[in-house]
Amino acid sequence: MATERSDVDLVDAGVVGAFARAALLATLLGAAAPIAIPIPFSPAPITLQVLFVFLAGLLLGPVWGPASILLYLAAGGIGLPVFAGMSGGLGVLVAESAGYLWSYPIAAGLIGLLVHRGTDLRDPAAVSTAVVVAALVAATALIYAMGVGYMAWLLELELWEAVTVGALPFVPGEVLKIAAAVAIVESGRIDTLDA
Amino acid sequence: MLTYEPGDTVVHALDPRAKLAVQIGFATTALAHATPRALAGLTAFALAALGLAQVRPLRTLYAYRFALAILAVGPLVAAATLGPPWVDLEAGLATALAGYRVLLVLLVSAVYVRTTPIRDSRAAIQRTVPGKPGQLVGVGVALVFRFLPVVRSDLRTIRDAMAARLGTERSARERATTTAMNGLSRTFARADRLSLALRARCFSWNPTLPELAFSRRDAPALGIAVALTATAFL
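Residues numbered from 1 in each chain as written. Chains lettered and ligands numbered in written order. Predicted model: local features only at pLDDT ≥ 70, side-chain atom pairs only at ≥ 80, totals over all residues. Heavy atoms only, no water.

- Labelled according to an unreviewed UniProt entry, chain B appears under the name Cobalt transporter, originating from Natronococcus jeotgali DSM 18795.
- What the UniProt record of chain B gives under Subcellular location (unreviewed entry) is the line "Membrane". (UniProt positions renumbered as here; feature names shortened; annotations may be inferred.)

- With an unreviewed UniProt entry as reference, chain A is termed BioY protein, source organism Natronococcus jeotgali DSM 18795.
- The UniProt entry for chain A carries this comment under Sequence similarities (unreviewed entry): "Belongs to the BioY family."
- Reading the Subcellular location (unreviewed entry) entry of the UniProt record for chain A gives the comment "Cell membrane".

**Side note on the overall build of chain B**
Okay, so step 1: Along its length, chain B carries 10 helices and zero strands.
Okay, so step 2: A globule of 234 residues ought to have a C-alpha radius of gyration of about 17 Å, yet chain B, at 23 Å, is considerably larger.
Okay, so step 3: Based on the C-alpha atoms only, the size of chain B along its principal axes is roughly 60 × 55 × 30 Å.
Okay, so step 4: The burial tally for chain B puts 48% of its 234 residues in the buried class.
Okay, so step 5: For chain B, the accessible area works out to roughly 11,900 Å², and carbon and sulfur atoms hold 65% of it.
Okay, so step 6: Here chain B carries 27 positive and 13 negative side-chain charges, and the mean point of each set is 6 Å from the other. (Helix = DSSP H or I, 4+ residues; strand = E, 2+ residues; numbered from the N terminus. Rg over C-alpha atoms; globule rule 2.2 N^0.38 Å. Buried < 20%, exposed > 50% of the residue type's maximum accessible area, 1.4 Å probe, protein only. Areas by Shrake-Rupley, 256 points an atom, 1.4 Å probe, with all protein chains shown as cover. Lys, Arg positive; Asp, Glu negative; His and termini not counted. Charge placed at Lys NZ, Arg CZ, Asp CG, Glu CD.)

**Considerations on the UniProt feature "transmembrane region" (unreviewed entry) in chain B**
Residue and element names in this part refer to chain B.
Okay, so step 1: Mapped onto the present numbering, the UniProt feature "transmembrane region" (unreviewed entry) falls on residues 38-55, 62-87 and 93-113.
Okay, so step 2: Between the end C-alpha atoms of residues 38-55 there is a gap of 23 Å, over a span that is 89% helix and 0% strand.
Okay, so step 3: Helix makes up 65% of residues 62-87 and strand makes up 0%, while its end C-alpha atoms are separated by 30 Å.

**Remarks on the confidence of the model for chain B**
Okay, so step 1: Overall, the predicted model of chain B reaches an average pLDDT of 88, with 99% of residues at or above 70.
Okay, so step 2: Mean pLDDT across the elements of chain B bottoms out in helix 5 (residues 65-79) of chain B (83) and peaks in helix 3 (residues 36-53) of chain B (92). (pLDDT = per-residue confidence, 0-100.)

**Comments concerning the packing of aromatic side chains**
A ring pair, where both rings are aromatic, is described by two values, the distance of the centres and the angle of the planes.
Okay, so step 1: Evaluated as defined, the whole model comprises five aromatic pairs over all chains.
Okay, so step 2: Pairing Tyr72 of chain A with Phe83 of chain A gives two aromatic rings, centres 5.5 Å apart and planes at 90°, and the pair type is edge-to-face. Of this pair, Tyr72 of chain A sits in helix 2 (residues 49-77) while Phe83 of chain A sits in the loop between helix 2 and helix 3 (98-116), and the two are 11 residues apart along the sequence. The exposure classification of Tyr72 of chain A matches that of Phe83 of chain A, with both residues buried.
Okay, so step 3: Here the aromatic rings of Tyr150 of chain A and Trp153 of chain A are separated by 5.8 Å at their centres, their planes lie at 40°, and the arrangement is tilted. Here Tyr150 of chain A and its partner Trp153 of chain A are both found in helix 4 (residues 129-154), three residues apart, which amounts to about one turn of the helix.
Okay, so step 4: Over the ring of Phe188 of chain B we find Arg21 of chain A, and its NZ or CZ is 4.2 Å from the ring centre. (Phe/Tyr/Trp six-rings, centres within 6.5 Å; stacked < 30°, edge-to-face > 60°. Lys NZ or Arg CZ within 6 Å of the ring centre and 35° of its normal.)

**Description of the interface of chain A and chain B**
Okay, so step 1: Contacts between the two partners involve 79 residues from chain A, matched on the other side by 79 residues from chain B.
Okay, so step 2: Both faces considered, chain A and chain B share a buried interface measuring about 6,700 Å² in area, 77% of it formed by carbon and sulfur atoms.
Okay, so step 3: Contact with chain B buries area across many residues of chain A, yet Phe19, Leu24 and Ile78 of chain A alone supply 11% of it, more than any other trio.
Okay, so step 4: Our count for the chain A to chain B interface comes out at one salt bridge. (Contact = heavy atoms within 4.5 Å. Buried area = accessible area lost by both parts, 1.4 Å probe. Salt bridge = Lys/Arg side-chain N within 4 Å of Asp/Glu carboxyl O.)

**Overview of the packing of helix 2 (residues 16-32) of chain B against helix 10 (residues 218-231) of chain B**
Residues and elements named next belong to chain B.
Okay, so step 1: The geometry of helix 2 relative to helix 10 is characterised by a closest axis approach of 7 Å and an angle of 20° between their N-to-C directions. Between helix 2 and helix 10, the crossing angle belongs to the class labelled roughly parallel. Between helix 2 and helix 10 the crossing geometry is left-handed. In contact with Ala18, Ala21, Val22, Gly25, Phe26, Thr28 and Thr29 of helix 2, helix 10 contributes Asp218, Ala221, Leu222, Ala225, Leu228, Thr229 and Thr231.
Okay, so step 2: In terms of residue class, the contact of helix 2 with helix 10 is built from eight nonpolar, five polar and one charged. (Axes fitted to C-alpha atoms, helices over the stretch in contact; angles between N-to-C directions. Parallel < 35°, antiparallel > 145°, perpendicular 65-115°, else oblique. Left-handed = near helix turned anticlockwise from the far one by under 90°. Nonpolar A, V, L, I, M, F, W, Y, C, P; charged D, E, K, R; others polar.)

Structure, rendered in structure tokens:
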């Protein structure tokens, strides 16, 4: 058995703090998978997962936000029941909704870059609402583009058919999640580590 | 729900890295081919894997019911056409075959989930992904595993408290905001305590890992993994 014989190489305090938040946000993302809130005029109830993807970018920034979501994907990949319907396994990461899952880390990174303008975190409550909303809308567009695109390719559907199955029923919910993310950030109740 | 179940089958005894390799090989070749002949072969392989691991197919399918719903709707949407002849059977069949291979990929990954403890998967990740990222992913996955029940119960408490205060009568936006905000503030408070505890225990980049070794019985599994991956290019 390979035992480490070198000196203990301590993890930097700042990294531990950010890493602990990233790991627990990944857990929250998984724990939120079974929660569904019904909304009027749509057959699909909303789940809070995309909301936490938004918050990962907003509160953890362009490095630890995507890292958190990659941890979530890794945990699901080895079989923890963190994906929709409390399922898990490597298969889900290539199945019909894999495009959405793989878009999450990129979306969180995009939000982090647009809102924080670099790796030093700013207080997102101090950033203008227009910038936050624009970042969230861009991230939503990215999530659906990747999700629908992959579904269309995998299941050999026409693009409009994939949009019907994979995007249209969810649009009302997305507007609501953007509103919720903005409300949470502006409330100032949740601090970023560096701000 | 699909989780690890202890057992003494051949598949349980394999190294997790060999099993991961087989899954990746299977998924690669399944995504490359959707012809009926290829699907027959893939089905035989998936059933053999389920049989060897003594995993029950129906129970597994039930665990993936959410994915199956979309796979079932897909062919109907693909077959429907605007204007005569209204139904395009060929497009529907293509989508059905494409969806079926996804089902097979899910079944094979279920074999891994049923036969591999999270601890082993963690060690496999940490030994395969090099350097500091590997360390963080390994520890992070272990943390997600430990904290999942705790965070779930946090969310349940928040939702119960909301329901007791007639929160279910409020608008969806308010409910989403309250649940997410309280969930997040509790989770971050936990994370900050955890970070203090990790530092107090000398959280380091080079801890000693659980033992993991390839043995002779992993050789066939690795061979199968390579063969499956190679068939993707046929």
